Amino acid sequence: MKTLKIIKIGGNIIDNDTALSAFLDTFAAIQSPKILVHGGGKLATQLANQLGLEVKLIDGRRITDQVTLDLITMVYAGKINKNIVAQLQSKNCNAIGFSGADGNTIVSKKRPVKTTDFGFVGDVEKVNTKILQMLLDHKVTPVFCALTHDKKGQLLNTNADTIASELAIGFADQYQTELYYCFEKNGVMRDISDETSVIKEITTQTYQGLIDDKLIVDGMLPKLNNCIHAVEKNVYKVCIGKPEMLFDETANFTTISK
């Protein structure tokens, strides 16, 4: 079975032009079929502040009202996505930008209100791989931003980690899918201030113990929930760490497995 790499970038890689260019050099050099997923929350927050718009966060999650949705659509699907696609073209990697609405590739439902109304935030219901497969067959690389749609004309802000996980799951019966979360840290660490304290392997059995010991908290918790969900849905390999893990198996990073 062929390998498909789903790679999500976020954090300081997107915000730093030098780091982004270096990452895209690495990404463009990958010869196997690949899909890139990116976030962009920090840039969206910066632009909101420049425009005098209030940024509302609850437990680190953005409340997406209509004005915020308009803003992140411009930032995610516009500035960041097209900049990445243009850079990939300069590196001889033929790419095309996507939101979940494009080609009806990712359908979500608006998150129901429980204790908090998150606004126009989507939870993924379905990934349609057919159009993406046609592109991959022609050596074209899809680049996804963190937006999906509800098939009723509404765009929805959707967690980029979740989009990457659901894409990997969606292709798991056609490929040996490998899911990589690339950011500025070496991986999941026992001590956030110690780059050498990487937890090399997390399994579905050891995961709860790490939560109980409060070694996994805050923003890492939803990321790892997506990782565990992916391996439980037959994604072959899930890794978290710096981009060098993509080409160096001896690098210090975290692998999540069954």
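Calculation rules
- Residues numbered from 1 in each chain as written.
- Predicted model: local features only at pLDDT ≥ 70, side-chain atom pairs only at ≥ 80, totals over all residues.
- Heavy atoms only, no water.
- Helix = DSSP H or I, 4+ residues; strand = E, 2+ residues; numbered from the N terminus.
- Rg over C-alpha atoms; globule rule 2.2 N^0.38 Å.
- Buried < 20%, exposed > 50% of the residue type's maximum accessible area, 1.4 Å probe, protein only.
- Contact = heavy atoms within 4.5 Å.
- Areas by Shrake-Rupley, 256 points an atom, 1.4 Å probe, with all protein chains shown as cover.
- Lys, Arg positive; Asp, Glu negative; His and termini not counted.
- Charge placed at Lys NZ, Arg CZ, Asp CG, Glu CD.
- UniProt positions renumbered as here; feature names shortened; annotations may be inferred.
- Polar contact = N/O pair within 3.5 Å; in protein donor to acceptor, adjacent residues only side chain to side chain.
- 1 Å grid on protein atoms, 1.4 Å probe; cavity = no way out; pocket = protein on both sides within 12 Å on 5 of 7 lines; lining within 4 Å.
- Points joined across faces, edges and corners; volume = space filled by probe spheres on them.
- Nonpolar A, V, L, I, M, F, W, Y, C, P; charged D, E, K, R; others polar.
- Axes fitted to C-alpha atoms, helices over the stretch in contact; angles between N-to-C directions.
- Parallel < 35°, antiparallel > 145°, perpendicular 65-115°, else oblique.
- Left-handed = near helix turned anticlockwise from the far one by under 90°.
- Salt bridge = Lys/Arg side-chain N within 4 Å of Asp/Glu carboxyl O.

**A closer look at the overall build of the protein**
So, step 1. Counting its secondary structure elements, the protein contains 8 helices and 14 strands.
So, step 2. A compact globule built from 258 residues should have a C-alpha radius of gyration of about 18 Å, and the protein, at 17 Å, falls within 12% of that.
So, step 3. With respect to the principal axes defined by its C-alpha atoms, the protein has extents near 45 × 45 × 35 Å.
So, step 4. Counting across all 258 residues of the protein, residues that qualify as buried make up 51%.
So, step 5. If you take every contact in the protein between residues at least 6 apart in sequence, the share linking residues at least 24 apart comes to 70%.
So, step 6. When the accessible area of the protein is evaluated, it comes to approximately 12300 Å², of which 51% is carbon and sulfur surface.
So, step 7. Separation between the mean location of the 29 positive side-chain charges and that of the 29 negative ones in the protein comes to 5 Å.

**Overview of the UniProt feature "site: Transition state stabilizer" (unreviewed entry) in the protein**
So, step 1. With numbering matched to this structure, UniProt assigns "site: Transition state stabilizer" (unreviewed entry) to Lys 8 and Lys 223. What stands out for the annotated residues spanning 216 residues is how close their C-alpha atoms remain, the widest pair being 11.0 Å apart.
So, step 2. In this structure, Lys 8 sits in strand E1 (residues 3-9).
So, step 3. The exposure class of Lys 8 is buried, given its relative accessible area of 10%.
So, step 4. Not counting residues up to four positions away in its chain, the partners in contact with Lys 8 are Val 37, Gly 39, Ala 160, Asp 161, Ala 164, Tyr 180, Tyr 181, Cys 182 and Lys 223.
So, step 5. Side-chain polar atoms of Lys 8 contact the side chain of Asp 161, separated by 3.1 Å.
So, step 6. With respect to the element layout, Lys 223 can be found in helix H8 (residues 220-232).
So, step 7. Every residue in contact with Lys 223, bar those within four places of it in the chain, is listed here: Lys 8, Asp 161, Tyr 181 and Ile 240.

**Section: empty space enclosed by the protein**
So, step 1. Under the counting rule described, the total for this entry stands at 1 cavity of 30 Å³ or more.
So, step 2. Of the residues belonging to the lining of the largest cavity, the class tally is 6 nonpolar, 1 polar and 3 charged.

**Here we look at the packing of helix H2 (residues 17-29) against helix H4 (residues 66-90)**
So, step 1. Orientation of H2 relative to H4, taken along the N-to-C sense of each, is 55°, at an axis distance of 10 Å. On the basis of their axis angle, the class for H2 and H4 is oblique. The element H2 and its partner H4 pack so that their crossing is right-handed. Counting all contacts with H2, which are made through Leu 20, Ser 21, Leu 24, Phe 27 and Ala 28, the residues of H4 involved are Asn 83, Ile 84, Gln 87 and Leu 88.
So, step 2. The class makeup of the residues in the contact of H2 with H4 is 6 nonpolar, 3 polar and no charged.

**Here we look at the pattern of salt bridges**
So, step 1. Summed over all chains, the structure comprises 6 salt bridges.
So, step 2. For Asp 161, the salt bridge goes to Lys 223, with nearest N and O atoms at 3.0 Å. With a gap of 62 residues between them, Asp 161 in helix H6 (residues 160-170) and Lys 223 in helix H8 connect regions that are remote in the sequence.
So, step 3. A salt bridge links Glu 249 to Lys 237; the shortest N-O distance between them is 3.0 Å. One end of the pair, Glu 249, is in the loop between strand E13 (237-241) and strand E14 (254-257); the other, Lys 237, is in strand E13, and 12 residues separate them in sequence.
So, step 4. Taking relative accessible area as the criterion, Glu 249 reaches 58% and is therefore assigned exposed.
So, step 5. Judged by relative accessible area, which is 18%, Lys 237 ranks as buried.
So, step 6. Each of Lys 8, Asp 161 and Lys 223 takes part in one network of salt bridges that share partners.

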